[in-house]
Amino acid sequence: MIPRHALIPPSSLVRARAAALLLGVSGALAPSCAPSPRAAPATISERPVAPAPRPAPVVPAPVILSTELWSFEGKDGVLVRTPSYRVYTTATRYAVAERVPVFLERALIHYSTHLADLPRPAEVMETYLMASRPQWARVTQRVMGRDAEVYLRIPRGGFAANGRAILYDIGPSDTFAITAHEGWHQYTQKTFRSPLPVSFEEGLATYMEGFRWADQERLTPTFLPWKNIERFEKLRRAHAAGELMPLERLQQTTPQDIIGDDPDAALVYYAQVWAMIHFLAEGEDGRHRAGLRQLLEDAASGDLGRRIRREAGGRAASSYQLRRTGVDLFPIYFGGSAAEFDASYRAFIAQVVRVGSRERVVAGRSPITE
């Protein structure tokens, strides 16, 4: 998999719950925030073009409910229906129509069960996976309307907004990596009643990226949060260079805050929030996992904002509502301030990147357990 990067929208657009991940030649960034879309135009999926009279392809996967021909601006495609998704795709390489719908359903199980018992979406989610960037751009214009301009600045990849994912084919590995990352944003946008803090939302999206195929046909993914060599390598280099951001600052920072001054710092940010979620999930003998689970459950139920107001005060709650930062969640959910956790977080990172860990990460195994 090649490294990932993304264009970050202006910081003034930080309030909305949309995210974009670009996979490109110099590493990964996923802007967590983009403008809150106005009333969306009618979805493209509601106006499929009448198909040509030829049989629809058969998708050999048990989660597929149906397939039918679908066209976009004269380009033949397929609409694949699963229990939780409607996948509209014109992509034809490496059996995308067969693999992506199954991948999404498996990812949804992972999202909703791996770290907490989280709700399934009440509505079917729409994913557009287009064969080319020009097609993706036109879908973006139709779905996002006047807000499309921000998303069209993305040089490579895709985004999720209002519970829709709009992506395009960027290669046999990266297409699935972006689907997993943006699928998390799509899921929380559709399901969570309170938005997560930016650092946690992006950390969880990177945490969900890791997977491998469980079968030779590459139809069945197994999700392995540690299997993410790009995040690991960036973390290792930042640790060796002494470039790690203090946990207190990391929690209060968004990618938009740092991309203008130093794009590489934003890459480090993503590696660090990836490590932060791993730290909370299994660091210090797993003692913080219950707090992470409670945070996720509170966000899903809508109790997160109320708990911030109750335990940190109205000013913190207002700041959080404005930018999804401005409050230290560590005292609320983990028993101490982010500053107090910084030393143990750094010790965890040192353990993660020690000699011999890379092979374990490549295999999808935890580098901190024997």
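Structural notes, computed from the coordinates. (Residues numbered from 1 in each chain as written. Predicted model: local features only at pLDDT ≥ 70, side-chain atom pairs only at ≥ 80, totals over all residues. Heavy atoms only, no water.)

A closer look at the overall build of the chain
Here's step 1: When its secondary structure is counted, the chain shows 15 helices and nine strands.
Here's step 2: Within the span of the chain, comprising 370 residues, buried residues form 58% of the whole.
Here's step 3: Expressed as a percentage of contacts within the chain between residues at least 6 apart in sequence, the contacts between residues at least 24 apart total 63%.
Here's step 4: Accessible area for the chain stands at about 14,800 Å²; split by element, carbon and sulfur atoms hold 50% of it. (Helix = DSSP H or I, 4+ residues; strand = E, 2+ residues; numbered from the N terminus. Buried < 20%, exposed > 50% of the residue type's maximum accessible area, 1.4 Å probe, protein only. Contact = heavy atoms within 4.5 Å. Areas by Shrake-Rupley, 256 points an atom, 1.4 Å probe, with all protein chains shown as cover.)

What about helix 14 (residues 338-352)?
Here's step 1: Taking 1.5 Å as the rise per residue, helix 14 with 15 residues should run 21 Å; its terminal C-alpha atoms sit 19 Å apart, in good agreement.
Here's step 2: At S344, helix 14 shows its maximal bend, which comes to roughly 25 degrees.
Here's step 3: Among all positions of helix 14, only A338, F341, D342, S344, Y345, F348, I349 and V352 are buried. (Expected span 1.5 Å × (residues − 1). Bend = angle between axes of the 7 residues up to and from the residue.)

A few points about the pattern of salt bridges
Here's step 1: Scanning the model with the defined rule gives 17 salt bridges in all.
Here's step 2: Where E68 meets R81, a salt bridge forms, and the shortest distance between an N and an O atom there is 3.3 Å. You can see E68 sitting in strand 2 (residues 66-72) and its partner R81 sitting in strand 3 (residues 75-81), a full 13 residues away along the chain.
Here's step 3: With relative accessibility at 27%, the residue R81 sits in the partly exposed group.
Here's step 4: With a shortest N-O distance of 3.8 Å, R120 and E105 are connected by a salt bridge. Note that R120 is positioned in the loop between helix 1 (96-113) and strand 5 (125-130) and E105 in helix 1, a separation of 15 residues in sequence.
Here's step 5: Sharing partners across several salt bridges, the network here consists of E233, R236, R237 and R358. (Salt bridge = Lys/Arg side-chain N within 4 Å of Asp/Glu carboxyl O.)

Read these as spatial facts, not as claims about activity.
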